[in-house]
Amino acid sequence: MRIFHTAVKMTLVTVIAGLISRWIGLEYWLTGGVLALLSIQLTKRDSLIIAFRRIVDVFFGMFLSILLFVIFGYEFWVFIVVVFIFSFSSWKLNIAEGIVPALVIVTHLLIFGEFSFSFIIEESLLVLISIGTATIFNTLYPSQGESELIKYTHMIDQFIRDHLLMLSFLIKDPLYAETYNNHYANLEKELKKVIHYVELIDKDLLFQNNQSYLSYAYMRKTQATFMKHMYDQASKMICVHQNAIEISDFIKDLSFDVGLYNNSIKYIDIINDLLEKYRLSELPKTREEFESRAVLYQVLLELESLLNVNLQFYEDHPNFFK
């Protein structure tokens, strides 16, 4: 739907900017519509940033070309020199978004073939009308709001629950590690897609946006990295350790408690109790038992890190979702 709305915005601003340019009598009024189209981006924030860079770059290109054309003449080889100097400078100044519209204006100057204040004013109006129309229209165009962010946030939480639930199965059923790892890989792809949607929606919220939902999505993304470590570790187990069932049940309980609230301290305390319990337990007697116990110990440490990430988020955003 975002691409559809972007196509709608491109079509409308092309018409509006073109008609305004024609109404005030600009010769290249159709070019105004095309320049407006080029100024539409997928998100509002990107449109504002790129609009500013584009205006700066276009006027830089205009004045550079006027200077060189007046000094050396309105010749094609001068145009080539302008293209080289202007494009190189634009990339260096990080305002390259204006290269295409600027060169359109430069070609108008070359075709006109002489210096004229009235022509320069007309070309400047063409730029300001096209980019201004696109920027205003894109800013006022209705966009997805907080309700969409909440929806995607719940989806991210569900992916995390599924990750943890699959991990709990893997720990007590290592013989089917490949199946669980494939499931994790599919979930990870979906999680990345949803986080990308959150990033796009966040860029559409220009006002009253503290980016807490985006921070939440990134927090879950970091947790997914810790879970990848746990999957990799658990896949190395060659036998089911006696502690695996207890840890598996703990992870399952944790998966059911993932949501827009903070119960991290409770689960961190449980992890510390489990670690202390296992430190005091009898040492392993076989190599396989030793390796499995080491994996489980590493998994608990990764779980603690995962919960600390959640804890840190709520310290930074104490009023999240209240």
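Residues numbered from 1 in each chain as written. Predicted model: local features only at pLDDT ≥ 70, side-chain atom pairs only at ≥ 80, totals over all residues. Heavy atoms only, no water.

Definition in use: UniProt positions are given in the numbering used here, feature names are shortened, and annotations may be inferred rather than shown by experiment.
Per an unreviewed UniProt entry, the protein chain carries the name Putative aromatic acid exporter C-terminal domain-containing protein and comes from Mariniplasma anaerobium. In the Subcellular location (unreviewed entry) part of its UniProt record, the protein chain is described as follows: "Cell membrane".

**A closer look at the packing of helix H4 (residues 76-92) against helix H5 (residues 99-112)**
To be explicit about the condition: Comment: axis = line fitted to C-alpha atoms, over the contacting stretch for helices; angle = value between 0 and 180 degrees taken between N-to-C directions. Going along the chain from the N terminus, every DSSP run of H or I of four or more residues is numbered as a helix, and every run of E of two or more is numbered as a strand. Angles below 35 degrees are treated as roughly parallel, those above 145 as roughly antiparallel, those between 65 and 115 as roughly perpendicular, and all remaining angles as oblique. By the definition used in this description, the sense in which the near helix is turned from the far one sets the handedness, with an anticlockwise turn below a right angle giving left-handed and a clockwise turn giving right-handed. Any two residues whose heavy atoms approach within 4.5 Å at even a single point are treated as in contact. Residues are grouped as follows: Ala, Val, Leu, Ile, Met, Phe, Trp, Tyr, Cys and Pro are nonpolar; Asp, Glu, Lys and Arg are charged; all remaining types, including Gly, are polar.
Viewed as axis vectors pointing N to C, H4 and H5 meet at an angle of 160°, and their least axial separation amounts to 11 Å. By the criterion of interaxial angle, the relationship of H4 to H5 is roughly antiparallel. The interaxial crossing formed by H4 with H5 has right-handed handedness. Residues Phe79, Val82, Val83, Phe86, Ser87, Ser90 and Trp91 of H4 form the contact with H5, whose own contacting residues are Ile99, Ala102, Leu103, Val106, Thr107 and Leu110. Among the residues making up the contact of H4 with H5, the classes are represented as 10 nonpolar, 3 polar and no charged.

**Considerations on the pattern of salt bridges**
Note the following rule: Should a side-chain nitrogen of Lys or Arg be within 4 Å of a carboxyl oxygen of Asp or Glu, the pair is scored as a salt bridge. Throughout, exposure labels follow a simple rule: accessible area from a 1.4 Å probe, protein chains only, divided by the maximum for the residue type, with under 20% read as buried, over 50% as exposed, and the rest as partly exposed.
The final tally for this structure, using the stated rule, is 6 salt bridges. As a salt-bridge pair, Asp257 and Lys266 come within 3.6 Å of each other at their nearest N and O atoms. Note that Arg279 is salt-bridged to Glu276, the shortest N-O span being 3.4 Å. Separated by 3 residues within a single helix, Arg279 and Glu276 lie in helix H11 (residues 264-279), roughly one turn from each other. A relative accessible area of 39% places Glu276 in the partly exposed class.

**Re the side chain of Ser21**
In this structure, Ser21 sits in helix H1 (residues 2-23). A residue is classified by how much of its surface remains accessible, and Ser21, at 0% relative accessible area, is buried. Ignoring sequence-local partners within four residues, the contact set of Ser21 consists of Leu26, Trp29, Gly32, Leu126 and Ile129.

**Re H5**
Under the convention used in this document: One fewer than the residue count of a helix, multiplied by 1.5 Å, yields its expected span.
If you check H5, its first and last C-alpha atoms are 20 Å apart, about what 14 residues at 1.5 Å a residue would give, namely 20 Å. Of the positions making up H5, those classed as buried are Ile99, Pro101, Ala102, Leu103, Ile105, Val106, His108 and Leu109.

**A word on the environment of Ile24**
Within the secondary structure, Ile24 is located in the loop between H1 and helix H2 (29-38). Distance from Ile24 to Leu125, taken between C-alpha atoms, is 9.7 Å for residues 101 residues apart in sequence.

**Considering the confidence of the model for the protein chain**
The following threshold applies: Every residue is assigned a pLDDT by the predictor, reflecting its confidence on a scale from 0 to 100.
The pLDDT averaged across the protein chain works out to 80; a share of 87% of its residues lies at or above 70. Mean pLDDT per element in the protein chain: H2 is the minimum at 76, and H4 is the maximum at 90.

**Topic: the environment of Ala134**
Relative to the elements of secondary structure, Ala134 occurs in helix H6 (residues 117-140). Separated by 87 residues in the primary sequence, Ala134 and Ser47 have C-alpha atoms spaced 8.4 Å apart. Not counting residues up to four positions away in its chain, the partners in contact with Ala134 are Val13, Ala36, Ser39 and Ile40.

**As for a nonpolar patch on the surface**
This is how it is decided: Only residues whose relative accessible area exceeds 30% and that take part in no salt bridge are eligible for patches, with like-charged residues grouped when within 9 Å of each other and nonpolar side chains (Val, Leu, Ile, Met, Phe, Trp, Tyr) grouped when within 5 Å. Computed with a 1.4 Å probe, the accessible areas rest on the Shrake-Rupley method; for each residue, only the protein chains presented here act as cover.
There is a patch of nonpolar side chains on the surface, built from Leu12, Val15, Ile16, Leu19, Ile20, Trp23, Ile24, Val70, Phe115, Phe117, Ile121 and Leu125 and spanning about 1,200 Å² of accessible area. Counting residues per element, the ones that place at least two in the nonpolar patch are H1 and H6. Of the residues forming the nonpolar patch, the biggest block, 6 residues, is contributed by H1. As for its position among the elements, Leu19 is in helix H1. For Leu19, a relative accessible area of 49% translates into the label partly exposed.

**Side note on the nonpolar core**
We apply this condition: For this analysis, a nonpolar core means a set of buried residues of the types Ala, Val, Leu, Ile, Met, Phe, Trp, Tyr and Cys, connected via side-chain atoms within 4.5 Å.
Ranked by internal contacts, the top residues of the largest apolar core, which has 48 residues, are Leu164, Leu167, Ile171, Met227, Ile251, Leu300 and Leu303. Listing elements by their share of this core, those giving two or more residues are helix H7 (146-172), helix H8 (177-204), helix H9 (212-234), helix H10 (244-256), H11 and helix H12 (287-316). Apart from residues no more than four positions distant in its own chain, Leu164 is found in contact with Met227, Ile251, Leu254, Ser255, Val258 and Leu303. If you look at the next biggest cluster of nonpolar residues, it comprises 27 residues, including Val78, Ala102, Leu126 and Ile129.

**A closer look at the packing of aromatic side chains**
Our working definition: Classification of ring pairs rests on two measures: the distance between centres of Phe, Tyr or Trp rings, Trp counted by its six-membered ring, which must be within 6.5 Å, and the angle between planes, read as stacked under 30 degrees, edge-to-face over 60 and tilted in between.
A full pass over the atoms with the stated rule returns 11 aromatic pairs. Ring centres of Phe69 and Tyr74 lie 4.9 Å apart, and the angle between their planes is 20°; this geometry places the pair in the stacked category. By relative accessible area, Phe69 is classed as buried at 1%. For Tyr74, a relative accessible area of 22% gives the class partly exposed. Look at Phe84 and Phe88: their rings are 6.3 Å apart centre to centre, the planes differ by 15°, and that puts the pair in the stacked class.

**What about the packing of H2 against H5?**
In the contact formed by H2 and H5, the axes pass within 10 Å of each other and the chain directions differ by 165°. Considering their axes alone, H2 and H5 lie roughly antiparallel with respect to each other. For the pair H2 and H5, the sense of crossing is left-handed. Contact residues: Thr31, Leu35 and Leu38 in H2; Val100, Pro101, Val104, Ile105 and His108 in H5.

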